[in-house]
Amino acid sequence: MSGLLAGKRLLVTGVITDASIAFSVAKLAQENGAQVVLTGYGRLSLVERIARRLPEPAPLIELDVTNAEHLAGLADKVREHVDGLDGVVHSIGFAPQSCLGGGFLDAPWEDVATALHVSTYSYKSLAMAALPLMSPGGAVVGLTFDATKAWPVYDWMGVAKAGLESASRYLAMHLGPKGIRSNLVAAGPLRTIAAKSIPGFEQFEESWMQRAPLGWNLTDQEPAARACLALLSDWFPATTGEIVHVDGGYHALGA
């Protein structure tokens, strides 16, 4: 077995369609020597169908990151397929429609709480559920969208991503003594299912295509996936609490 992730065992969440970053991560990981276990929630038959498009068969585990029983049983379910984990990919986010598209001032707490639970707190929950399977040298990698700024129509999901970025730093602090890293990849806008659910998201697309120094391809998930793979690999052994921008350089520009 050869490749950047030769011999690595990875848990990848968030594969919904083959246009998702998570799918690209799983595909490239397998091509680079990793064993991949997937998780899905809700439409598992859809995830199973998409998983068949991967280079190799990948087992699928049902996981609702807001369900304490699912989280408590995750390690045992993963052990049915691999004897441990070297990396975990968190590609999970959700906000009710009231929290997006300009509804910041009106979204009720119940909906905001859902967004924060699924998109922010789950990063810590998933890491802790997988921790019994991990050993020094392991890595947790999540996906964010630059939360240092307020974006039109992103609203409470932007707040959730800001929380995610902070949670990753705290996870890095608490898991560092165990030899486990926590890092995030901040991708530019991509035409994923999640993006299409945000009213007015095309505003991001137009701006990125016009201003990103390196240009930006709205349908190419591979650059973000490659960054995830690099952070999961042994090539970043002393990097944790970091956010790697994969956005064509857009974040480096002034307003």
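Residues numbered from 1 in each chain as written. Predicted model: local features only at pLDDT ≥ 70, side-chain atom pairs only at ≥ 80, totals over all residues. Heavy atoms only, no water.

- Taking an unreviewed UniProt entry as the reference, the protein chain is identified by name as Enoyl-[acyl-carrier-protein] reductase [NADH] belonging to Micromonospora cathayae.
- Reading the Catalytic activity (unreviewed entry) entry of the UniProt record for the protein chain gives the comment "a 2,3-saturated acyl-[ACP] + NAD(+) = a (2E)-enoyl-[ACP] + NADH + H(+)". (UniProt positions renumbered as here; feature names shortened; annotations may be inferred.)

## Some points on the side chain of Asn183
Here is step 1 of the chain: Inspection of the secondary structure puts Asn183 in strand 6 (residues 181-187).
Here is step 2 of the chain: For Asn183, a relative accessible area of 1% translates into the label buried.
Here is step 3 of the chain: A polar contact of 2.9 Å, which involves the side chain of Asn183, links it to the backbone nitrogen of Glu242.
Here is step 4 of the chain: Those residues in contact with Asn183, other than ones at most four positions away along the chain, are Tyr123, Val140, Val141, Gly142, Ser168, Leu231, Thr239, Thr240, Gly241 and Glu242. (Helix = DSSP H or I, 4+ residues; strand = E, 2+ residues; numbered from the N terminus. Buried < 20%, exposed > 50% of the residue type's maximum accessible area, 1.4 Å probe, protein only. Polar contact = N/O pair within 3.5 Å; in protein donor to acceptor, adjacent residues only side chain to side chain. Contact = heavy atoms within 4.5 Å.)

## Things to note about the packing of helix 1 (residues 21-31) against helix 8 (residues 222-232)
Here is step 1 of the chain: Running from N to C, helix 1 and helix 8 cross one another at 55 degrees; their axes reach a closest spacing of 8 Å. In this view, helix 1 runs oblique relative to helix 8, as classed from their interaxial angle. When you trace helix 1 past helix 8, the crossing you get is right-handed. Where helix 1 abuts helix 8, its residues Ile21, Ser24, Val25, Leu28 and Ala29 lie against Glu222, Ala224, Ala225, Arg226, Cys228 and Leu229.
Here is step 2 of the chain: In terms of residue class, the contact of helix 1 with helix 8 is built from 8 nonpolar, 1 polar and 2 charged. (Axes fitted to C-alpha atoms, helices over the stretch in contact; angles between N-to-C directions. Parallel < 35°, antiparallel > 145°, perpendicular 65-115°, else oblique. Left-handed = near helix turned anticlockwise from the far one by under 90°. Nonpolar A, V, L, I, M, F, W, Y, C, P; charged D, E, K, R; others polar.)

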